[in-house]
Amino acid sequence: MHTLIVFASGQGSNARAIHEYFGRGQQARIGLIVCNRADAGVLTWAQHAEIPTWVVDRQTFMSEDFLRQLQTYQPSLIVLAGFLWKIPDALVAIFRNKIVNIHPALLPDFGGKGMYGAHVHRAVIEAGKKESGITIHYVDEVYDSGDIIMQARCPVHPDDDDLTLAGRIHGLEHFFFPRTLEYLLQTGFAASGQYTKASSV
Ligand code: GRF
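These numbers come from a predicted model, not from an experiment. (Residues numbered from 1 in each chain as written. Predicted model: local features only at pLDDT ≥ 70, side-chain atom pairs only at ≥ 80, totals over all residues. Heavy atoms only, no water.)

Brief notes about the pattern of salt bridges
As a working rule, side chains carrying opposite charge can pair if their charged atoms are close by. Stated precisely, the cut-off is as follows: Whenever a carboxyl oxygen of Asp or Glu lies within 4 Å of a side-chain nitrogen of Lys or Arg, that contact is scored as a salt bridge. Only protein chains enter the area calculation, which uses a 1.4 Å probe; residues under 20% of their type maximum are buried, those over 50% are exposed, and those in between are partly exposed.
Using the criterion set out here, one finds seven salt bridges in the structure. Of the charged contacts in the structure, one is a salt bridge between Asp39 and Arg37, with a shortest N-O distance of 3.1 Å. When its relative accessible area of 59% is taken as the criterion, Asp39 is described as exposed. Residue Lys86 pairs with Asp89 through a salt bridge whose shortest N-O separation is 4.0 Å. With relative accessibility at 35%, the residue Lys86 sits in the partly exposed group.

Rendered as structure tokens:
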């Protein structure tokens, strides 16, 4: 049984989709949800789902004790599902190729610091894009720059606003995120770090 640790800051609809996808099967389970906001919706849901949670402040998040505690779970993957803080380099180094993020646009466009949630969707609409989508990628030391694992696309309609576009993007996320994690777990990419940049093969 694989253990996933999910980091989330918001309502946690992706955490829920992952939890529901793996269900009561023997493949994977969420062992811990790490959250940086005590009022985040994800915590209320996690309590109902009886998933352990840990609300961290900056100091804890940056501490060695935090790293040690995470290691005790022996996670196959750390899953960033709408988590807003940058991941410290020490954490990236310990869990290299095991931290996976989902971004609600087609990277490398519309990524980087400050590009989250509605900011992303408004930027896509303001740029007049006819298409947006999701990017699932490994996390490295730079925001939204790690190796891309997969992307999925959807149209941007002329009458879209950030809410309607966010709804369409969430639909893609809830379908593809759990299945991509399953793929990583089954192929062992997550454990071996064999994934290489498309540009370097
Ligand atoms: C998702 O759109 C994700 O791509 C982005 O933040 C949002 C989180 O939504 N990084 P939720 O909390 O999983 O509902």
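Considering the sheet that holds strand 5 (residues 99-103)
Operational definition: Each pair of strands is called paired provided DSSP finds at least two bridges between the two strands. Helix and strand definitions here come from DSSP, where helices need a minimum of 4 consecutive H or I residues and strands a minimum of 2 consecutive E residues; each element is numbered from the N-terminal end. Lines fitted to C-alpha atoms define the axes here, with helix axes fitted over just the stretch in contact, and angles between the N-to-C directions of these axes take values from 0 to 180 degrees.
With respect to topology, seven strands assemble into an open sheet ordered 3-2-1-4-5-6-7, the strand pairing being mixed. With partners counted over all chains shown, the strands left at the sheet margins are strand 3 (53-55) and strand 7 (148-155), one partner each. On average, each strand axis in the sheet is tilted by 20 degrees relative to the strand beside it, whichever way the strands run. Bridging between strand 5 and strand 6 (residues 131-138) involves four bridges; their strand directions are antiparallel. By the bridge assignment for strand 6, Val100 is matched with Tyr138.

Details of the site of the ligand
Test applied: Here a residue is considered near a molecule or strand provided that any single heavy atom belonging to it is located within 4 Å of it. Counted as a polar contact is a pair of N or O atoms within 3.5 Å, where, for protein atoms, one must be capable of donating a hydrogen and the other of accepting one, and residues adjacent in sequence contribute only when both atoms are in side chains. To be clear on the numbers: accessible area is Shrake-Rupley with a 1.4 Å probe, and residue cover counts the displayed protein chains and nothing else. In this analysis the probe radius is 1.4 Å and the grid spacing 1 Å, with only protein atoms considered; a cavity is a set of points the probe fits into but cannot get out of, a pocket is an open set with protein on both sides within 12 Å along at least five of seven lines, and lining residues have an atom within 4 Å of a point. Molecules are considered to sit inside a cavity or pocket once more than half of their atoms lie within 2 Å of its grid points. Residue polarity is assigned by list, with Asp, Glu, Lys and Arg as charged and Ala, Val, Leu, Ile, Met, Phe, Trp, Tyr, Cys and Pro as nonpolar; anything else, Gly included, falls into the polar class.
Surrounding the ligand, one finds Gly10, Gln11, Gly12, Ser13, Asn14, Gly82, Ile102, His103, Pro104, His170 and Glu173. Take Glu173: an N or O atom from its side chain is 2.3 Å from an oxygen atom of the ligand. Relative to its free-state accessible area of 360 Å², the ligand is covered by the protein chains to the extent of 86%. Mapping the ligand onto the cavity grids shows that it belongs to the largest pocket. Of the residues contributing to the shell around the ligand, the split by class is two nonpolar, eight polar and one charged.

Overview of the pairing of strand 2 (residues 28-35)
Test applied: Orient the strands so they point away from the viewer, and a crossover whose first-strand-to-second-strand path over the helix runs clockwise is right-handed.
For strand 2, a buried count of seven out of eight residues is recorded, marking the element as mostly surrounded by other parts of the structure. Considered for its hand, the β-α-β crossover made up of strand 1 (residues 2-8), helix 1 (residues 13-22) and strand 2 is right-handed. When strand 2 meets strand 3, the two strands line up parallel, connected through three bridges. Bridging across to strand 3, Cys35 finds its partner in Val55. For the crossover that starts at strand 2, traverses helix 2 (residues 41-48) and ends in the parallel strand 3, the hand is right-handed.

With respect to the nonpolar core
Put simply, the rule reads: Residues enter a nonpolar core if they are buried and are Ala, Val, Leu, Ile, Met, Phe, Trp, Tyr or Cys, with the set joined through side-chain atoms within 4.5 Å. Any two residues whose heavy atoms approach within 4.5 Å at even a single point are treated as in contact.
Formed by 41 residues in total, the largest nonpolar core has its most connected members in Ile33, Val42, Val100 and Phe177. Examining the composition of this core, we find that seven residues originate from one element, helix 7 (residues 162-187), more than from any other. When sequence neighbours within four positions are dropped, the list of residues in contact with Phe177 reads Asn14, Ile18, Val79, Leu80, Ala81, Val100, Asn101, Ile102, Ile136 and Leu172. Ranked by size, the runner-up nonpolar core spans 19 residues in total, among them Ile5, Leu32, Leu67 and Leu91.

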